[in-house]
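Each chain, letter by letter, is given below.
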Amino acid sequence: MKVAFIGLGNMGGGMAARQVADGREVHAFDLSEAVVGKAVAAGARGAGSVSKAVQGVDAVITMLPAGPHVRKVYSEEILPNAPRSALLIDCSTVDVESARAVAGQAKAGGFRFADAPVSGGTAAAEGGTLAFMVGCGETDFADVERALKPMARVVIRAGEHGAGQAAKICNNMLLGISMIGTCEAFALAERLGLSPDRFFEIASKSSGQCWSLTSYAPWPGVGPQTASDRNYEGGFAAGMMLKDLKLAQEAAAKAGATTPLGAQAAAIYALFDRLGYGGKDFSGVLQMLRGELAGLNLE
Ligand code: NAD
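Residues numbered from 1 in each chain as written. Predicted model: local features only at pLDDT ≥ 70, side-chain atom pairs only at ≥ 80, totals over all residues. Heavy atoms only, no water.

Asks: So what's going on with the site of the ligand? Residues and values would help.
Replies: Around the ligand lies a shell of 23 residues, among which Asn10, Met11, Asp30, Pro65 and Thr93 are the nearest. Threonine 93 places a polar main-chain atom, nitrogen or oxygen, 3.0 Å from an oxygen atom of the ligand. Contact with the protein chains removes 86% of the 840 Å² of surface that the ligand exposes when unbound. Secondary-structure elements contributing two or more residues to the shell around the ligand are helix 4 (67-81) and helix 11 (238-255). Classifying every residue of the shell around the ligand gives 11 nonpolar, nine polar and three charged. Counting contributing residues per domain, the shell around the ligand is built from domain 1 (2-160) and domain 2 (166-290), each supplying no fewer than three. (Near = heavy atom within 4 Å. Polar contact = N/O pair within 3.5 Å; in protein donor to acceptor, adjacent residues only side chain to side chain. Areas by Shrake-Rupley, 256 points an atom, 1.4 Å probe, with all protein chains shown as cover. Helix = DSSP H or I, 4+ residues; strand = E, 2+ residues; numbered from the N terminus. Nonpolar A, V, L, I, M, F, W, Y, C, P; charged D, E, K, R; others polar. Domains from an automatic or database assignment.)

Okay, here's the thing in C-alpha coordinates:
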(Lines give C-alpha, C1' and ligand atoms only; values in the text may rest on other atoms or scores of the structure.)
Protein backbone atom coordinates (compact mmCIF):
# COMPACT_ATOMS: atom_id res chain seq x y z
CA MET A 1 0.00 0.00 0.00
CA LYS A 2 1.27 3.50 -0.89
CA VAL A 3 0.50 6.11 1.76
CA ALA A 4 0.99 9.90 1.74
CA PHE A 5 1.64 11.18 5.27
CA ILE A 6 1.18 14.94 5.75
CA GLY A 7 2.21 16.51 9.10
CA LEU A 8 5.18 14.81 10.76
CA GLY A 9 5.27 16.62 14.12
CA ASN A 10 5.26 15.14 17.63
CA MET A 11 2.50 12.69 16.71
CA GLY A 12 2.74 12.36 12.91
CA GLY A 13 6.46 11.48 12.96
CA GLY A 14 5.92 8.37 15.09
CA MET A 15 2.75 7.43 13.20
CA ALA A 16 4.44 7.64 9.81
CA ALA A 17 7.27 5.44 11.14
CA ARG A 18 4.70 2.79 12.11
CA GLN A 19 3.37 2.80 8.55
CA VAL A 20 6.92 2.25 7.25
CA ALA A 21 7.51 -0.54 9.80
CA ASP A 22 4.42 -2.30 8.44
CA GLY A 23 6.02 -2.41 4.98
CA ARG A 24 4.07 0.41 3.39
CA GLU A 25 5.60 2.88 0.92
CA VAL A 26 5.27 6.20 2.74
CA HIS A 27 5.51 9.54 0.92
CA ALA A 28 6.10 12.08 3.68
CA PHE A 29 5.68 15.86 3.72
CA ASP A 30 5.78 18.59 6.37
CA LEU A 31 6.51 22.33 6.19
CA SER A 32 9.50 21.61 8.44
CA GLU A 33 12.40 20.06 6.51
CA ALA A 34 13.91 18.84 9.79
CA VAL A 35 10.99 16.50 10.52
CA VAL A 36 10.87 15.29 6.90
CA GLY A 37 14.53 14.34 7.40
CA LYS A 38 13.60 12.29 10.46
CA ALA A 39 10.85 10.49 8.53
CA VAL A 40 13.33 9.71 5.72
CA ALA A 41 15.77 8.33 8.31
CA ALA A 42 12.92 6.07 9.49
CA GLY A 43 12.47 4.74 5.93
CA ALA A 44 9.90 7.09 4.36
CA ARG A 45 10.36 8.84 0.98
CA GLY A 46 10.57 12.61 1.40
CA ALA A 47 8.23 14.61 -0.87
CA GLY A 48 8.81 18.27 -1.77
CA SER A 49 5.15 19.28 -1.41
CA VAL A 50 1.72 17.96 -0.49
CA SER A 51 0.76 17.73 -4.16
CA LYS A 52 3.84 15.59 -4.91
CA ALA A 53 3.29 13.40 -1.82
CA VAL A 54 -0.27 12.45 -2.82
CA GLN A 55 0.51 11.45 -6.45
CA GLY A 56 -0.54 7.86 -7.13
CA VAL A 57 -1.14 6.84 -3.49
CA ASP A 58 -3.80 4.50 -2.09
CA ALA A 59 -4.34 6.51 1.10
CA VAL A 60 -3.62 10.00 2.43
CA ILE A 61 -3.21 10.48 6.20
CA THR A 62 -2.98 13.97 7.70
CA MET A 63 -1.83 14.90 11.25
CA LEU A 64 -1.96 18.71 11.37
CA PRO A 65 -2.30 21.23 14.21
CA ALA A 66 -5.93 22.46 13.91
CA GLY A 67 -9.05 23.05 11.78
CA PRO A 68 -7.76 25.92 9.60
CA HIS A 69 -4.68 23.88 8.57
CA VAL A 70 -6.83 20.88 7.70
CA ARG A 71 -9.34 22.92 5.66
CA LYS A 72 -6.54 24.63 3.71
CA VAL A 73 -4.42 21.55 3.02
CA TYR A 74 -7.42 19.51 1.82
CA SER A 75 -9.10 22.20 -0.31
CA GLU A 76 -5.94 23.65 -1.88
CA GLU A 77 -3.59 20.68 -2.12
CA ILE A 78 -5.00 17.22 -1.45
CA LEU A 79 -8.37 17.30 -3.24
CA PRO A 80 -6.99 18.86 -6.46
CA ASN A 81 -4.05 16.41 -6.68
CA ALA A 82 -4.83 13.02 -5.09
CA PRO A 83 -6.22 10.17 -7.20
CA ARG A 84 -10.01 9.82 -6.75
CA SER A 85 -9.48 6.23 -5.56
CA ALA A 86 -7.35 7.37 -2.59
CA LEU A 87 -8.87 6.99 0.87
CA LEU A 88 -8.49 10.29 2.77
CA ILE A 89 -8.09 10.15 6.58
CA ASP A 90 -7.59 13.16 8.85
CA CYS A 91 -6.22 12.19 12.28
CA SER A 92 -5.79 15.77 13.60
CA THR A 93 -8.02 17.04 16.43
CA VAL A 94 -10.28 19.71 14.89
CA ASP A 95 -13.75 21.20 15.36
CA VAL A 96 -16.69 19.09 14.21
CA GLU A 97 -17.68 21.72 11.61
CA SER A 98 -14.27 21.65 9.92
CA ALA A 99 -14.40 17.85 9.80
CA ARG A 100 -17.87 17.94 8.22
CA ALA A 101 -16.89 20.71 5.78
CA VAL A 102 -13.85 18.79 4.53
CA ALA A 103 -15.90 15.58 4.33
CA GLY A 104 -18.49 17.41 2.20
CA GLN A 105 -15.83 18.77 -0.17
CA ALA A 106 -14.18 15.36 -0.43
CA LYS A 107 -17.51 13.67 -1.18
CA ALA A 108 -18.32 16.28 -3.83
CA GLY A 109 -14.96 15.49 -5.45
CA GLY A 110 -15.72 11.75 -5.50
CA PHE A 111 -13.42 10.81 -2.58
CA ARG A 112 -13.98 8.66 0.50
CA PHE A 113 -13.05 10.56 3.69
CA ALA A 114 -12.83 9.80 7.42
CA ASP A 115 -12.18 11.98 10.46
CA ALA A 116 -10.13 9.77 12.79
CA PRO A 117 -8.67 11.68 15.75
CA VAL A 118 -6.59 9.78 18.28
CA SER A 119 -6.29 9.22 21.98
CA GLY A 120 -2.82 8.47 23.35
CA GLY A 121 0.26 10.68 23.31
CA THR A 122 3.61 10.58 21.54
CA ALA A 123 4.62 7.29 23.20
CA ALA A 124 1.47 5.62 21.80
CA ALA A 125 2.18 7.19 18.39
CA GLU A 126 5.69 5.71 18.39
CA GLY A 127 4.53 2.38 19.77
CA GLY A 128 1.59 1.96 17.39
CA THR A 129 -0.90 1.79 20.28
CA LEU A 130 -3.19 4.76 19.58
CA ALA A 131 -6.98 4.60 19.98
CA PHE A 132 -8.72 5.96 16.85
CA MET A 133 -12.29 7.28 16.94
CA VAL A 134 -13.66 7.35 13.44
CA GLY A 135 -16.39 9.30 11.65
CA CYS A 136 -17.04 7.82 8.20
CA GLY A 137 -19.57 6.06 5.99
CA GLU A 138 -20.36 2.58 7.31
CA THR A 139 -19.21 0.85 4.13
CA ASP A 140 -15.85 2.68 4.20
CA PHE A 141 -14.95 1.62 7.73
CA ALA A 142 -13.22 -1.68 6.89
CA ASP A 143 -10.78 0.13 4.57
CA VAL A 144 -10.22 2.91 7.11
CA GLU A 145 -9.45 0.34 9.80
CA ARG A 146 -6.98 -1.42 7.49
CA ALA A 147 -5.19 1.86 6.74
CA LEU A 148 -4.94 2.79 10.44
CA LYS A 149 -4.08 -0.67 11.78
CA PRO A 150 -0.24 -0.31 11.98
CA MET A 151 -0.69 2.72 14.27
CA ALA A 152 -3.53 1.40 16.40
CA ARG A 153 -4.36 -0.43 19.60
CA VAL A 154 -8.03 0.01 18.76
CA VAL A 155 -10.09 1.58 15.94
CA ILE A 156 -13.73 2.37 16.79
CA ARG A 157 -16.33 3.81 14.43
CA ALA A 158 -18.18 6.58 16.29
CA GLY A 159 -20.68 7.28 13.49
CA GLU A 160 -20.95 9.39 10.34
CA HIS A 161 -18.58 12.24 9.38
CA GLY A 162 -17.74 14.49 12.34
CA ALA A 163 -18.62 11.80 14.91
CA GLY A 164 -14.93 10.94 15.46
CA GLN A 165 -14.20 14.56 16.37
CA ALA A 166 -17.30 14.74 18.58
CA ALA A 167 -16.08 11.68 20.53
CA LYS A 168 -12.58 13.13 20.83
CA ILE A 169 -13.81 16.50 22.14
CA CYS A 170 -16.06 14.84 24.76
CA ASN A 171 -13.27 12.49 25.85
CA ASN A 172 -10.74 15.27 26.24
CA MET A 173 -13.17 17.51 28.14
CA LEU A 174 -13.57 14.63 30.61
CA LEU A 175 -9.78 14.20 30.75
CA GLY A 176 -9.18 17.94 31.42
CA ILE A 177 -11.76 17.95 34.22
CA SER A 178 -10.43 14.73 35.78
CA MET A 179 -6.82 15.96 35.67
CA ILE A 180 -7.71 19.19 37.46
CA GLY A 181 -9.76 17.23 40.00
CA THR A 182 -6.81 14.89 40.60
CA CYS A 183 -4.45 17.85 41.02
CA GLU A 184 -6.83 19.55 43.48
CA ALA A 185 -7.05 16.34 45.52
CA PHE A 186 -3.22 16.08 45.72
CA ALA A 187 -2.96 19.77 46.67
CA LEU A 188 -5.56 19.36 49.43
CA ALA A 189 -3.96 16.12 50.65
CA GLU A 190 -0.66 17.97 51.01
CA ARG A 191 -2.27 20.76 53.05
CA LEU A 192 -3.88 18.17 55.29
CA GLY A 193 -0.52 16.57 55.99
CA LEU A 194 -1.09 13.37 53.98
CA SER A 195 1.93 11.97 52.14
CA PRO A 196 1.34 12.01 48.33
CA ASP A 197 2.25 8.35 47.88
CA ARG A 198 -0.10 7.25 50.70
CA PHE A 199 -2.89 9.31 49.13
CA PHE A 200 -2.08 7.81 45.70
CA GLU A 201 -2.21 4.27 47.03
CA ILE A 202 -5.51 4.80 48.85
CA ALA A 203 -7.35 6.78 46.13
CA SER A 204 -6.12 4.35 43.44
CA LYS A 205 -8.03 1.61 45.27
CA SER A 206 -11.02 3.77 46.22
CA SER A 207 -13.86 5.51 44.40
CA GLY A 208 -11.66 8.48 43.38
CA GLN A 209 -9.73 6.18 41.02
CA CYS A 210 -9.45 7.52 37.44
CA TRP A 211 -6.95 7.48 34.54
CA SER A 212 -5.50 10.90 35.50
CA LEU A 213 -4.60 9.43 38.89
CA THR A 214 -3.51 5.85 38.27
CA SER A 215 -1.97 6.11 34.78
CA TYR A 216 -0.85 9.75 34.75
CA ALA A 217 -0.30 10.81 38.38
CA PRO A 218 0.58 14.53 38.36
CA TRP A 219 2.70 14.35 41.56
CA PRO A 220 6.40 13.66 40.76
CA GLY A 221 7.71 10.31 41.98
CA VAL A 222 4.24 8.90 42.56
CA GLY A 223 2.70 6.14 40.39
CA PRO A 224 4.10 5.21 36.97
CA GLN A 225 6.76 7.34 35.20
CA THR A 226 4.97 10.33 33.67
CA ALA A 227 5.74 13.89 32.51
CA SER A 228 5.57 15.01 36.18
CA ASP A 229 8.84 13.11 36.72
CA ARG A 230 10.52 15.23 33.99
CA ASN A 231 9.57 18.67 35.35
CA TYR A 232 6.37 18.35 33.25
CA GLU A 233 8.26 18.16 29.94
CA GLY A 234 6.91 16.22 26.93
CA GLY A 235 3.61 14.38 27.19
CA PHE A 236 0.46 16.33 26.28
CA ALA A 237 0.99 20.09 26.24
CA ALA A 238 -1.35 22.24 28.35
CA GLY A 239 -1.81 24.49 25.28
CA MET A 240 -3.13 21.50 23.30
CA MET A 241 -5.51 20.64 26.16
CA LEU A 242 -6.69 24.26 26.13
CA LYS A 243 -7.35 23.97 22.38
CA ASP A 244 -9.47 20.85 22.94
CA LEU A 245 -11.38 22.41 25.86
CA LYS A 246 -12.16 25.48 23.73
CA LEU A 247 -13.42 23.18 20.95
CA ALA A 248 -15.65 21.48 23.54
CA GLN A 249 -17.00 24.84 24.77
CA GLU A 250 -17.70 26.04 21.23
CA ALA A 251 -19.46 22.77 20.43
CA ALA A 252 -21.46 22.93 23.69
CA ALA A 253 -22.59 26.50 22.96
CA LYS A 254 -23.73 25.57 19.46
CA ALA A 255 -25.44 22.35 20.55
CA GLY A 256 -27.05 23.90 23.66
CA ALA A 257 -25.32 21.46 26.05
CA THR A 258 -24.67 22.41 29.70
CA THR A 259 -20.98 21.85 30.58
CA PRO A 260 -20.10 24.03 33.61
CA LEU A 261 -17.08 21.96 34.68
CA GLY A 262 -15.79 21.95 31.09
CA ALA A 263 -16.00 25.77 31.17
CA GLN A 264 -14.07 25.89 34.46
CA ALA A 265 -11.41 23.53 33.09
CA ALA A 266 -10.99 25.75 30.01
CA ALA A 267 -10.60 28.82 32.27
CA ILE A 268 -7.97 27.09 34.45
CA TYR A 269 -5.91 25.96 31.44
CA ALA A 270 -6.27 29.42 29.87
CA LEU A 271 -4.74 30.93 33.03
CA PHE A 272 -1.90 28.37 33.09
CA ASP A 273 -1.23 29.13 29.41
CA ARG A 274 -1.37 32.91 30.01
CA LEU A 275 1.24 32.53 32.74
CA GLY A 276 3.60 31.10 30.12
CA TYR A 277 3.24 27.37 30.80
CA GLY A 278 1.27 26.29 27.71
CA GLY A 279 4.22 24.19 26.52
CA LYS A 280 4.35 22.21 29.76
CA ASP A 281 2.51 18.94 30.20
CA PHE A 282 -1.15 19.40 31.18
CA SER A 283 -0.56 17.72 34.56
CA GLY A 284 1.71 20.69 35.48
CA VAL A 285 -1.43 22.58 36.50
CA LEU A 286 -0.83 20.88 39.88
CA GLN A 287 2.05 23.30 40.51
CA MET A 288 -0.23 26.30 39.89
CA LEU A 289 -2.78 24.94 42.38
CA ARG A 290 0.03 24.40 44.93
CA GLY A 291 1.33 27.95 44.36
CA GLU A 292 4.64 26.37 43.29
CA LEU A 293 5.09 27.80 39.79
CA ALA A 294 8.54 29.13 40.66
CA GLY A 295 9.80 25.54 40.69
CA LEU A 296 8.38 24.84 37.23
CA ASN A 297 11.43 25.53 35.09
CA LEU A 298 10.46 27.17 31.77
CA GLU A 299 13.75 26.47 29.95
P1 NAD B 1 2.82 19.31 16.02
O2 NAD B 1 2.67 20.78 16.02
O3 NAD B 1 4.01 18.68 16.67
O4 NAD B 1 2.76 18.76 14.49
C5 NAD B 1 2.00 19.32 13.49
C6 NAD B 1 2.84 19.33 12.24
O7 NAD B 1 2.06 19.82 11.14
C8 NAD B 1 4.07 20.25 12.34
O9 NAD B 1 5.24 19.49 12.10
C10 NAD B 1 3.83 21.30 11.24
O11 NAD B 1 5.03 21.74 10.60
C12 NAD B 1 2.94 20.53 10.28
N13 NAD B 1 2.17 21.39 9.40
C14 NAD B 1 1.45 22.50 9.70
N15 NAD B 1 0.89 23.01 8.57
C16 NAD B 1 1.25 22.20 7.55
C17 NAD B 1 1.01 22.20 6.15
N18 NAD B 1 0.27 23.15 5.58
N19 NAD B 1 1.56 21.22 5.39
C20 NAD B 1 2.31 20.25 5.96
N21 NAD B 1 2.60 20.21 7.28
C22 NAD B 1 2.07 21.17 8.07
O23 NAD B 1 1.47 18.75 16.68
P24 NAD B 1 1.19 17.29 17.27
O25 NAD B 1 1.47 17.25 18.71
O26 NAD B 1 1.84 16.28 16.35
O27 NAD B 1 -0.40 17.22 17.11
C28 NAD B 1 -1.01 17.05 15.83
C29 NAD B 1 -2.52 16.88 16.06
O30 NAD B 1 -2.74 15.74 16.91
C31 NAD B 1 -3.17 18.07 16.75
O32 NAD B 1 -4.43 18.29 16.17
C33 NAD B 1 -3.31 17.61 18.21
O34 NAD B 1 -4.39 18.24 18.87
C35 NAD B 1 -3.54 16.12 18.04
N36 NAD B 1 -3.13 15.29 19.18
C37 NAD B 1 -1.93 15.50 19.80
C38 NAD B 1 -1.57 14.68 20.87
C39 NAD B 1 -0.24 14.87 21.59
O40 NAD B 1 -0.05 14.24 22.64
N41 NAD B 1 0.66 15.69 21.08
C42 NAD B 1 -2.42 13.64 21.29
C43 NAD B 1 -3.61 13.43 20.61
C44 NAD B 1 -3.95 14.26 19.55
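Asks: Would you mind going over the packing of aromatic side chains in detail, with residue names and values included?
Replies: Counted under the stated rule, the structure contains seven aromatic pairs. Centre to centre, the rings of tryptophan 211 and tyrosine 216 are 5.2 Å apart; their planes meet at 25°, and the pair counts as stacked. Take tryptophan 211: its relative accessible area is 44%, and that puts it in the partly exposed class. (Phe/Tyr/Trp six-rings, centres within 6.5 Å; stacked < 30°, edge-to-face > 60°. Buried < 20%, exposed > 50% of the residue type's maximum accessible area, 1.4 Å probe, protein only.)

Asks: Describe in detail the pairing of strand 2 (residues 25-29), supporting the description with residues and values.
Replies: Across the five residues that make up strand 2, a large majority, four, are buried. Two elements, strand 1 (residues 2-6) and strand 2, share five bridges in a ladder whose sense is parallel. Looking at strand 2, one finds that valine 3 is bridged to valine 26. Regarding the hand of the β-α-β motif, the stretch spanning strand 1, helix 1 (residues 12-21) and strand 2 is right-handed. Pairing analysis gives two bridges linking strand 2 to strand 3 (residues 45-46), with the strands arranged parallel. Bridge assignment links histidine 27 to a residue of strand 3, and that residue is arginine 45. Running through helix 2 (residues 33-41), the crossover from strand 2 to the neighbouring parallel element strand 3 is right-handed. (Pairing = 2+ DSSP bridges. Right-handed = clockwise from strand over helix to strand, strands pointing away.)

Asks: Before we move on, could you go through the environment of valine 96 and cite the residues and values that matter?
Replies: Along the chain, valine 96 turns up in helix 5 (residues 96-108). Valine 96 gets classed as buried once you look at its relative accessible area, which sits at 16%. The spacing of valine 96 and valine 3 is 93 residues in sequence and 25 Å in space, taken between C-alpha atoms. With residues near it in sequence (within four places) discarded, valine 96 still touches Gly162, Gln165, Ala166 and Ile169. (Contact = heavy atoms within 4.5 Å.)

Asks: Break down helix 2 for me, with residues and values.
Replies: Three or four residues apart is the spacing at which side chains of an α-helix point the same way, because the helix has 3.6 residues per turn. Considered for burial, the residues of helix 2 that qualify are Val35, Val36 and Ala39. All buried residues of helix 2 fall inside an arc of 105° around its axis, so they share one side. Of the exposed residues in helix 2, those oriented more than 90 degrees away from the buried face are Glu33, Ala34, Lys38 and Ala41. Packing partners of the buried residues in helix 2 comprise strand 2 and strand 3. Looking at the residues trailing helix 2, positive phi occurs at glycine 43, about 110°. (Arc of directions from axis to C-beta.)

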